[in-house]
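Geometric and topological summary
In case you want the letters, here they are:
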Amino acid sequence: MFLQTVNQGAKIWEQANEPATLQASPLLSVGLSFLAGCTLAVFGLAMRLRSAKEDPAITWNDSAFSMLSLGTEQSVKEVPKVLGRDKDENCLRRRWEAMLRRGQDKICAAIEECDGEGKFRTDAWVRDGDGGGISRVLAGGKVWEKAGINLSVIYGSMPWETVAAARERQAGYAKNAKPGERLPFFACGLSCVMHPRNPHCPTMHFNYRYFETESGDWWFGGGTDITPAYLNEEDMKHFHGTYKKVCDKHDKGFYSKFKKWADEYFVIKHRGETRGLGGIFFDDLNDRDPMTIFAFSEECLNNVVSSYVPIIEKNKNKAFTEEQKRWQLMRRGRYVEFNLVYDRGTIFGLKTGLGRVESILMTLPEVARWEYDHHPEPNSEEEKVLKCFQTPREWV
């Protein structure tokens, strides 16, 4: 249905010579529930059902996915002080939730200050059997057309089929689980996307998450990436340089490894180009003490503002032409294509129906454009950035 919408939008533009658009609701309805980032955490485990040679973006096991068990959701008027069920404030799960909530508050405050007019709307929800989420969305701002940052705490259980398949990839996984029984899990994540109005201001996305099972298996995942419509090398050096410093502080090998991972993950395969100009991306990270990875993830999250907002402040008042806006909307179209066709969290959420559509599609821009067989002019600024999308490069 969603791909039909994309195709229909493209045809409408060809016939009427107007931008094809996809519209995601400007404000999330009360009780928005599902964080695509946590979906990605659950999906990361379910993805172990595939063989190593299968395409992770398009291959899944329907029966196993449909058997993932989560409680029902309901909206609440007041934001709960704690979404998790743990009573011990010092346990990792409570500390992780608290850290993400601090990050959510800090980033929303910085974005509101930079925007000058837009304000985040907050919706909270809880789930039967504990857990819940906090969705915060800014729409119609002076600087940002749309910005959303969502927190989710999820408790559920997965079927034996998922556990057994995971063991094929990692022998020690759920080693005490017995055939036929379900395996309880916990997932908590914070996910964000921001689409500015000005074509000289890049889109930014991040996601940081933690996943564990009752059997004692655990891992962290996440990353921050940037998607400009136009290339400003100084801006890219600033963004990548910020995360290289964070990575180098924790492990000298992190930046090169996680940048490469981002370059390889955010690829629009049918276009032969990346969604943006990368950043860092990591998954299944459990090769050292969990609090060490916790500290690394926290510092990554704490540097979202310093890596991104200075770029927006520098460019938000720049003049732009109608043609530059048109190009930005075409790049937004590429963003939509990646998210609906390849993004694992989006695919999983839409296919299983485990989350509300409005929240899952929060990552999409309000307006995007498709033009038939479009090619930028030779030696233009548009061609310059397109070449970077086609061939990832080093920035620092």
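Residues numbered from 1 in each chain as written. Predicted model: local features only at pLDDT ≥ 70, side-chain atom pairs only at ≥ 80, totals over all residues. Heavy atoms only, no water.

Details of the nonpolar core
Stated formally: Here, nonpolar core refers to any group of buried Ala, Val, Leu, Ile, Met, Phe, Trp, Tyr and Cys residues whose side-chain atoms link them within 4.5 Å. Exposed residues in this analysis have more than 50% of their type's maximum accessible area, buried residues have under 20%, and partly exposed residues fall in between, with area computed by a 1.4 Å probe over protein chains only. Only DSSP runs of H or I covering at least 4 residues are called helices, and only runs of E covering at least 2 are called strands; the numbering of each starts at the N terminus.
The biggest cluster of nonpolar side chains holds 66 residues, and the ones touching the most others in it are Trp-96, Trp-144 and Phe-206. The biggest single contributor to this core is helix H4 (residues 92–115), with nine residues.

Examining H4
An α-helical turn contains 3.6 residues, so any two residues separated by three or four positions project in the same direction. Applied cut-off: Residue count minus one, scaled by 1.5 Å, sets the expected span of a helix.
Taking 1.5 Å per residue as the helical rise, H4 with its 24 residues ought to reach 34 Å, and the 34 Å between its terminal C-alpha atoms agrees with that figure. Taken from the residues just after H4, Gly-116 is the one with a positive phi, measuring 85 degrees.

Section: the side chain of Glu-337
What counts is decided by this rule: Distance and chemistry together define a polar contact, namely a pair of N or O atoms within 3.5 Å, with one atom able to donate a hydrogen and the other to accept it when in protein, and with adjacent residues in sequence counting only for side-chain atoms on both sides. Two residues qualify as a contact provided that any one of their heavy atoms is within 4.5 Å of a heavy atom in the partner residue.
Take Glu-337: it is sitting in helix H10 (residues 322–341). A distance of 2.7 Å separates a polar atom in the side chain of Glu-337 from a polar atom in the side chain of His-270. Apart from residues lying up to four places away in sequence, Glu-337 is in contact with Ile-268, His-270, Arg-271, Tyr-342 and Trp-370.

Topic: helix H13 (residues 381–390)
For H13, every residue scored as buried is listed here: Glu-382, Glu-383, Val-385, Leu-386, Cys-388 and Phe-389. Buried residues along H13 sit in contact with strand S10 (273–274) and H10.

A closer look at the layout of surface pockets
Gaps between atoms show up when a probe of the same size as a water molecule is rolled over them. This is how it is decided: Any residue with an atom within 4 Å of a point lines the site, the site being either a cavity, points on a 1 Å grid over the protein atoms alone where a 1.4 Å probe fits but cannot get out, or a pocket, an open set with protein on both sides within 12 Å along at least 5 of 7 lines. Grid points are joined across faces, edges and corners, and a volume is the space filled by probe spheres set on the points.
There is about 340 Å³ of room inside the largest pocket. Residue lining of the largest pocket: 17 residues in total, with Arg-271, Glu-273, Arg-334, His-374 and His-375 positioned closest to the centre. Mapped onto the lining of the largest pocket, the elements with two or more residues apiece are H10 and H13. By residue number, the principal contributor to the lining of the largest pocket is H10, which donates four residues.

Regarding the packing of helix H6 (residues 233–250) against helix H7 (residues 254–265)
Test applied: The axes used here are C-alpha line fits, helices contributing only the stretch in contact, and every angle between their N-to-C directions lies in the interval 0 to 180 degrees. Under this scheme an angle from 65 to 115 degrees is roughly perpendicular, one under 35 degrees roughly parallel, and one over 145 degrees roughly antiparallel; angles in between are oblique. For this scheme, ten residues count as nonpolar: Ala, Val, Leu, Ile, Met, Phe, Trp, Tyr, Cys and Pro. Four count as charged, namely Asp, Glu, Lys and Arg, and the remainder, Gly too, count as polar.
The N-to-C vectors of H6 and H7 enclose an angle of 130 degrees; their axes lie 8 Å apart at closest approach. In terms of their interaxial angle, H6 and H7 are classed as oblique. Along the contact surface, H6 presents His-240, Tyr-243, Lys-244, Cys-247, Asp-248 and His-250, while H7 presents Phe-254, Tyr-255 and Lys-259. Of the residues belonging to the contact of H6 with H7, the class tally is four nonpolar, two polar and three charged.

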